[in-house]
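Breakdown of the fold
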Amino acid sequence: HPNLSAYTPAESFDKGKKLYDENRYQQAIPWLLHAAEGKYQPAYRKLADSYNNAQQFQKAHSWYKRCIKDLTPGSNDYWFACMILGGMYKSGRGCEKNYDTSLYYLRLFHQNTTPINKTTANEMIAEVVALKNKANSQHRQSASSSSSRSQSTSRSSHSPYTPVANTMPNDVNRYICYKNRSGG
């Protein structure tokens, strides 16, 4: 492709955005990268989205994090990057799966998004909290069952699966209250 240094970051962005809009993500990447490396902030998210759509998830992850670092909280690109990073950490796509980090970014999404997206943010947070609780519960059950197997049979009447009262985290309580208030 042409010598990108002959183009300003804004010109590179325009060319990259046109390719992006035509779903030609791989071809858009060099143009958008040139614009983003030239500190042209509108290119940051388009570059991250291009990498994401081209299934280059680690590079997408890196540029979404750059959006969080460099863009204004409350801007569309900022809160969108928060939402995507929350999903990436939830699934482990482009990064190590980490529910706590997912919740961190989803809470930033909730805090900075437009009012119309608050319900979506709450639903995403509740989903990750449920996954985290399930993973923690499975871990506790696994640890309990392996320790109970190594103990004498006189304690076998004690079930390692006894539920702990009121283990629902505050996030889910708030989500349920929010859904009940909003009629959803």
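Because the structure is a prediction, the values reported are computed rather than measured.

**What about the overall build of the protein chain?**
Across its full length, the protein chain carries 8 helices and 0 strands. Written out in order from the N terminus, the α and β elements of the protein chain read α-α-α-α-α-α-α-α. Within the protein chain, the proportion of its 184 residues that are buried is 35%. Within the protein chain, contacts between residues at least 6 apart in sequence are counted, and of these 50% link residues at least 24 apart. Within the structure as shown, the protein chain displays about 10900 Å² of accessible surface, and the carbon and sulfur contribution to it stands at 50%.

**Some words on the nonpolar core**
Of all hydrophobic cores here, the largest spans 42 residues; its most connected members are L47, W63, Y64, I68, L85, M88 and F109. Take this core: its biggest share by element is 9 residues, from helix α5 (residues 76-91). Excluding residues within four positions of it along the chain, I68 makes contact with Y78, A81, C82, L85 and Y105.

**Focus: the packing of helix α3 (residues 42-53) against α5**
Between α3 and α5, whose axes approach to 10 Å, the crossing angle comes to 30°. Taken together, the axes of α3 and α5 lie roughly parallel to each other. With respect to the hand of their crossing, α3 and α5 are arranged in left-handed fashion. Listed contacts from α5 to P42, R45, D49 and N52 of α3 are N76, D77, F80, I84 and M88.

**Regarding the pattern of salt bridges**
Inspection of every chain in the model, using the stated rule, returns 9 salt bridges. R45 is the salt-bridge partner of D77, the closest N and O atoms lying 3.1 Å from each other. Here D77, found in helix α5, pairs with R45, found in helix α3; they are 32 residues apart in sequence, far enough to count as distant. Residue D70 is joined to R66 by a salt bridge in which the shortest nitrogen-to-oxygen separation is 2.6 Å. On the criterion of helical spacing, the pair formed by D70 and R66 is a turn pair, its members being 4 residues apart in helix α4 (residues 57-70). D70 sits in the partly exposed class, given a relative accessible area of 24%. By relative accessible area, which is 23% here, R66 ends up partly exposed.

**Side note on helix α1 (residues 9-21)**
Between its first and last C-alpha atoms α1 spans 18 Å; for 13 residues at 1.5 Å apiece the expected length is 18 Å, and the two agree. The inward-facing, buried residues of α1 abut α2 (25-37) and α3. Looking one or two places after α1, you find N23, whose phi comes out positive at around 60°.

**Let's talk about the packing of α2 against α3**
Where α2 meets α3, the axes come as close as 9 Å, and the angle between the chain directions of the two elements is 150°. As the angle between them shows, α2 and α3 are arranged roughly antiparallel. As α2 packs across α3, the resulting crossing turns out to be left-handed. In contact with Y25, A28, I29, L32, L33, A35 and A36 of α2, α3 contributes A43, Y44, K46, L47, S50, Y51 and N53. For the contact of α2 with α3, a count of residues per class yields 11 nonpolar, 2 polar and 1 charged.

**Brief notes about helix α6 (residues 99-112)**
In this model, α6 (14 residues) spans 20 Å end to end at C-alpha, consistent with the 20 Å of a helix rising 1.5 Å per residue. Of the residues making up α6, those classed as buried are Y99, S102, L103, Y105, L106, L108, F109 and N112. Measuring from the side-chain oxygen of the N-cap residue of α6 to the backbone nitrogen of D100 gives 3.0 Å; that N-cap residue is N98.

**Quick notes on the packing of aromatic side chains**
Within this structure, the stated rule accounts for 8 aromatic pairs. A ring pair is formed by Y7 and W31, whose centres lie 5.0 Å apart and whose planes are at 80°; its orientation type is edge-to-face. Note that Y7 is positioned in the segment before α1 and W31 in helix α2, a separation of 24 residues in sequence. Owing to a relative accessible area of 8%, W31 belongs among the buried residues under this scheme. With a centroid separation of 5.2 Å and an interplanar angle of 65°, the aromatic rings of Y20 and Y25 are classed as edge-to-face. Comparing Y20 with Y25, the two get one shared label, buried. Clustering of aromatic rings is evident, with ring pairs tying together W79, F80 and F109. Its guanidinium or amino end placed over the ring of W31, K15 lies 5.9 Å from that ring's centre, counting from NZ or CZ. The ring of F80 has R45 lying over it, and the distance from NZ or CZ to the ring centre is 3.7 Å.

About the thresholds
Residues numbered from 1 in each chain as written. Predicted model: local features only at pLDDT ≥ 70, side-chain atom pairs only at ≥ 80, totals over all residues. Heavy atoms only, no water. Helix = DSSP H or I, 4+ residues; strand = E, 2+ residues; numbered from the N terminus. Buried < 20%, exposed > 50% of the residue type's maximum accessible area, 1.4 Å probe, protein only. Contact = heavy atoms within 4.5 Å. Areas by Shrake-Rupley, 256 points an atom, 1.4 Å probe, with all protein chains shown as cover. Core = buried A, V, L, I, M, F, W, Y, C linked by side-chain atoms within 4.5 Å. Axes fitted to C-alpha atoms, helices over the stretch in contact; angles between N-to-C directions. Parallel < 35°, antiparallel > 145°, perpendicular 65-115°, else oblique. Left-handed = near helix turned anticlockwise from the far one by under 90°. Salt bridge = Lys/Arg side-chain N within 4 Å of Asp/Glu carboxyl O. Expected span 1.5 Å × (residues − 1). Nonpolar A, V, L, I, M, F, W, Y, C, P; charged D, E, K, R; others polar. Polar contact = N/O pair within 3.5 Å; in protein donor to acceptor, adjacent residues only side chain to side chain. Phe/Tyr/Trp six-rings, centres within 6.5 Å; stacked < 30°, edge-to-face > 60°. Lys NZ or Arg CZ within 6 Å of the ring centre and 35° of its normal.

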